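Each chain is listed here by its residues.
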Amino acid sequence: MTYGGNLEQVIYEVSTEDWSKSVNWSFSIYSQGQLLFQHVVEGEDNKDFQDEGYIDNCSSHAECRQEWYVKQAFGKMIDVIKPTEPRHDKILQSSGLRPTPAYLSQLVAFLLDKDIVGFALPKSPVQFGTLMTYDKFSGDFVPLYHP
């Protein structure tokens, strides 16, 4: 995830007393044992989780929430976008067109012929936030694209 060839570890943790109650979850990225990024949500009642049809094969609100948090959410957070995909250019062009700090321009140039490895954290099961990627020039994760 840092484009440096180091072994990174992504940890996703979920806890709740009962799937009909609030859910705590976190998303953390480590590189060589050092924490690089962490997002923690505590007491998420997820009021946006109303579309039970979004999750297949579940029969109740609580069961759909469990299916989402345990089996589906993490897999949808990580994204690898190959240079051959049309959205690769769309993301880089969109990033380059906005008034941005100089380091983002450097990052866009760096990613021109490379996979974009990033993550987007969900605001609800049907809406994800901004695509974040590692900026090797600033040593931090930065927003790259917002759909």
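Throughout what follows, the structure given in this document is the object of discussion. (Residues numbered from 1 in each chain as written. Predicted model: local features only at pLDDT ≥ 70, side-chain atom pairs only at ≥ 80, totals over all residues. Heavy atoms only, no water.)

1. Description of the packing of aromatic side chains
Phase 1: For the structure on display, the rule yields 13 aromatic pairs.
Phase 2: Where F27 meets F119, the ring centres are 5.0 Å apart and the plane angle is 40 degrees; that geometry is what we call tilted. Residue F27 is found in strand β2 (residues 23-31), and its partner F119 is found in strand β5 (residues 116-119); the two are separated by 92 residues along the sequence.
Phase 3: The class for F119 is buried, based on a relative accessible area of 0%.
Phase 4: Residues Y134 and F141 carry aromatic rings whose centres are separated by 5.0 Å and whose planes lie at 70 degrees to one another, so their mutual orientation is edge-to-face. Take Y134 and F141: they sit in the same class, and that class is buried.
Phase 5: Linked through ring pairs, Y12, W25, F27, F37, F74, F119, Y134 and F141 together constitute an aromatic cluster.
Phase 6: Between the NZ or CZ atom of K114 and the centre of the ring of F110, over which it lies, the distance is 4.4 Å. (Phe/Tyr/Trp six-rings, centres within 6.5 Å; stacked < 30°, edge-to-face > 60°. Helix = DSSP H or I, 4+ residues; strand = E, 2+ residues; numbered from the N terminus. Buried < 20%, exposed > 50% of the residue type's maximum accessible area, 1.4 Å probe, protein only. Lys NZ or Arg CZ within 6 Å of the ring centre and 35° of its normal.)

2. Overview of the pattern of salt bridges
Phase 1: Enumeration according to the criterion identifies five salt bridges in this entry.
Phase 2: For the salt bridge of D115 with K82, the shortest nitrogen-to-oxygen distance reads 3.0 Å. Here the residue D115 occupies a position in the loop between α3 (102-111) and β5, and K82 occupies one in the loop between β4 (78-81) and α2 (86-97), the gap between them amounting to 33 residues.
Phase 3: In this structure D115 comes out as partly exposed when scored by relative accessible area, which is 26%.
Phase 4: E85 serves as the salt-bridge partner of R87, at 2.8 Å between the closest nitrogen and oxygen.
Phase 5: A relative accessible area of 23% means that E85 is categorised as partly exposed.
Phase 6: A cluster of three or more residues bridged by salt bridges with shared partners is formed by D79, E85 and R87. (Salt bridge = Lys/Arg side-chain N within 4 Å of Asp/Glu carboxyl O.)

3. Describing the sheet that holds β2
Phase 1: Read across the sheet, three strands follow the order β1-β2-β3 without closing on themselves; strand pairing throughout is antiparallel. Of all strands in the sheet, those bounded by a partner on one side alone are β1 (8-15) and β3 (34-44). For this sheet, the mean inter-axis angle between neighbouring strands, taken without regard to orientation, is 5 degrees.
Phase 2: As paired strands, β1 and β2 are joined by eight bridges and run antiparallel to one another. Note that in β2 the partner of I11 across the bridge is S28. (Pairing = 2+ DSSP bridges. Axes fitted to C-alpha atoms, helices over the stretch in contact; angles between N-to-C directions.)

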